[in-house]
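Here is what each chain is made of, one letter per residue.
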Amino acid sequence: MISALLERYATSLPGGAFIIDAQGTVTARGAGEQLSGLVQVLKEIGEDGICFYVQDSARLVQSILATEAAGLQCCVLNRQSPSSEIAAILERLGTAALVTDAQGTFPAKKIVQIDDLIHDAASRRGSVKSVHFKPGTIVILTTGTTGIPKAAQYTWQRLLGRIPSRDAVQGKRWLLAYPLNHFAGVQVLLTALRDRSTLVIPEARDFRTIIDTLIKHRVDSVSGTPTFWRMLVGRVTDEQAERLEIEQITLGGEASTADLLERLRTRFPSAAITQVYATTEAGTCFAVKDAMPGFPVSFLDRPVGNVELKIIDGELYVRSSASMISYIDGSPAPEWIATGDLVERTDDRVIFRGRKSEIINVAGVKVHPLKVEEIILRVAGVSAVRVYSAANPITGHIVACDIELEEGADEDAVREMAQQACGAALSRYEQPRLLRIVERLERRNEKLVRRGSA
Amino acid sequence: MTEALFTQISTILARVLKAKGVDRSVFKPEDRLYEDGIGLDSLDAATLAAMLDHEFNLDPYNSGEFPQTVAEIVEFYSAGKKS
């Protein structure tokens, strides 16, 4: 099905730029011609499925699409994760084959460098007349940072099912602002493919490169987290803004605030603003286009497409025909998926108020406080620690921590050691951005009071 | 621009950079804050906002501004916006 979309693209717009990355441009026809070779090689590499640990690039996109045509299960791993974490995920997934651009040892029976994969596939291009179009599946890992993310399995049909059909739309230029291991990154890829548009992959993710890429490649459609948009709006100069051609602004992954939406309207007055609500497990649930925070109360009264919503004890629940088919361990998706998002019903709006659990959402990445606390508690001189979420104007929330010292401990030394320990063991999203030394942490029944944020 | 305020902001910037493993403590008012200068990314900017708020009970980012240079942070506070 995905490959059929590529075929349709290649047939109708053979010279259309399908992917632009640092290496150049891949046309729809070029991608289509490479498909059969990639399918053959990928089938030889992994019978059960293939994991990719590769920087976002045209060759990764082509390989992902080829897994679908090969009838394989595909999982894209976070290229920013350390190889030790990747090893743990591979063991858990039980995937025998890994395609990578990294050096090192991984617990996979077959490890193939992506350079070799592409080279081998190119040599077989056109050697088989028909490709076997058995549908494959994709496994998307949640962005949780406990080291054991949940793995949600989707059919490509389900992922495509929640992207509105827009036959009249083609030739858009989408920036890949999300990584391809992220649910939203896959959605942007599928949108570009389905709409016979261009996927522009930035060479790096710093905002100077992002803005240069937007201008150079005349990107008109961008999907990113509120954190991404806050940085972009803050960084772009008036002169650059005049050269930008953004027509479509899509936000997701975190709740959008009223001030951000207002800043986007001011900076890009002619752009359409769409807020997408999606979770890795429930898939894309709904979109709001009125550039106001939250969503209309009416969404609770009737199905939104194939999605139903309800609120139980302040938490948003979702039932969707486009949700994952199962977790990778085989346990089925629940009928109603608890999103963990706390919401409040106002007169005509449902507003997001935070997360039910203590999980901290830093720029769309979920951070578990206990994991951070475990690291800091190992530091000499620390008596107790509480890690919590603090509101932040850039990333929505940051990880903050209060530390109670042992008697006689040196404050500066503990602070430095705690930072070093976190820097060595945690991803940048997980590291406390605000570290306070306090006299005594609040306790109740000899337990730390964990609720509340700064 | 008061020298004391500039020194205070410089100290905070040095702490932000130290948290990402960069050892730098000397800044100039005209230094640009992000990739084209000191090198702050979104997480660093979030840290800077939190530290400024912790120090002054107010930060420019939360006030709808997005400073581009060290001097703009100093000016934000020296303009009487700090509490």
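These figures come from a predicted structure and were not determined experimentally.

### Details of the confidence of the model for chain B
Regions with low pLDDT should not have their predicted coordinates read in detail.
Turning to step 1, where the next piece is worked out: Chain-level pLDDT for chain B is 91 on average; 95% of the residues reach the 70-or-more range.
Turning to step 2, where the next piece is worked out: The ipTM assigned to the predicted complex is 0.90, against a pTM of 0.80.

### Things to note about the sheet that holds strand E16 (residues 307–312) of chain A
Residues and elements named next belong to chain A.
Turning to step 1, where the next piece is worked out: Strand order in this open sheet of five strands is E15-E20-E19-E17-E16, and the pairing throughout is antiparallel. Because the sheet does not close on itself, it has two edges, and the strands there are strand E15 (295–296) and E16.
Turning to step 2, where the next piece is worked out: With two bridges connecting them, E15 and strand E20 (residues 349–355) associate as antiparallel partners. Following the sheet pairing, Phe 295 is matched in E20 by Val 350.

### Notes on the domain arrangement of chain A
Residues and elements named next belong to chain A.
Turning to step 1, where the next piece is worked out: Per the domain assignment, the segments making up chain A are domain 1 (2–342) and domain 2 (360–448).
Turning to step 2, where the next piece is worked out: The distance between the C-alpha centroids of domain 1 and domain 2 comes to 32 Å.
Turning to step 3, where the next piece is worked out: Counting residues at the interface gives eleven residues for domain 1 and 14 residues for domain 2.
Turning to step 4, where the next piece is worked out: Its residues assigned to classes, the side of domain 1 that touches domain 2 shows two nonpolar, seven polar and two charged.

### As for the packing of helix H1 (residues 2–12) of chain A against helix H3 (residues 58–69) of chain A
Residue and element names in this part refer to chain A.
Turning to step 1, where the next piece is worked out: Contact geometry for H1 and H3: axes closest at 7 Å, N-to-C directions at 120 degrees. In this view, H1 runs oblique relative to H3, as classed from their interaxial angle. In this structure, H1 uses Ile 2, Ser 3 and Leu 6 to contact H3, whose residues at the interface are Leu 65, Glu 68 and Ala 69.
Turning to step 2, where the next piece is worked out: Split by residue class, the contact of H1 with H3 holds four nonpolar, one polar and one charged.

### Quick look at the sheet that holds strand E24 (residues 396–405) of chain A
All names here are of chain A.
Turning to step 1, where the next piece is worked out: Within the open sheet, the three strands sit side by side as E23-E24-E25. Their pairing is mixed. Looking at strand neighbours, the two that pair on one side only are strand E23 (382–392) and strand E25 (434–438), the edges of this open sheet. Across the sheet, the mean angle from the axis of one strand to that of its neighbour is 25 degrees, orientation sign disregarded.
Turning to step 2, where the next piece is worked out: Strands in contact with helix H13 (residues 411–425) are E23, E24 and E25; relative to E25, the strand with the most contacts, it is inclined by about 145 degrees.

### A word on the interface of chain A and chain B
Turning to step 1, where the next piece is worked out: Taken residue by residue, the interface counts 21 residues in chain A and 19 residues in chain B.
Turning to step 2, where the next piece is worked out: If you list the elements that add at least two residues to the side of chain A that touches chain B, you get helix H8 (207–216), helix H9 (226–235), E23 and H13 of chain A.
Turning to step 3, where the next piece is worked out: Sorting elements by how many residues they give to the side of chain A that touches chain B places H9(A) first, with four residues.
Turning to step 4, where the next piece is worked out: Tallied by class, residues from the side of chain A that touches chain B come to nine nonpolar, six polar and six charged.

Conventions we followed
Residues numbered from 1 in each chain as written. Chains lettered and ligands numbered in written order. Predicted model: local features only at pLDDT ≥ 70, side-chain atom pairs only at ≥ 80, totals over all residues. pLDDT = per-residue confidence, 0-100. Pairing = 2+ DSSP bridges. Helix = DSSP H or I, 4+ residues; strand = E, 2+ residues; numbered from the N terminus. Domains from an automatic or database assignment. Contact = placed C-beta atoms within 7 Å. Nonpolar A, V, L, I, M, F, W, Y, C, P; charged D, E, K, R; others polar. Axes fitted to C-alpha atoms, helices over the stretch in contact; angles between N-to-C directions. Parallel < 35°, antiparallel > 145°, perpendicular 65-115°, else oblique.

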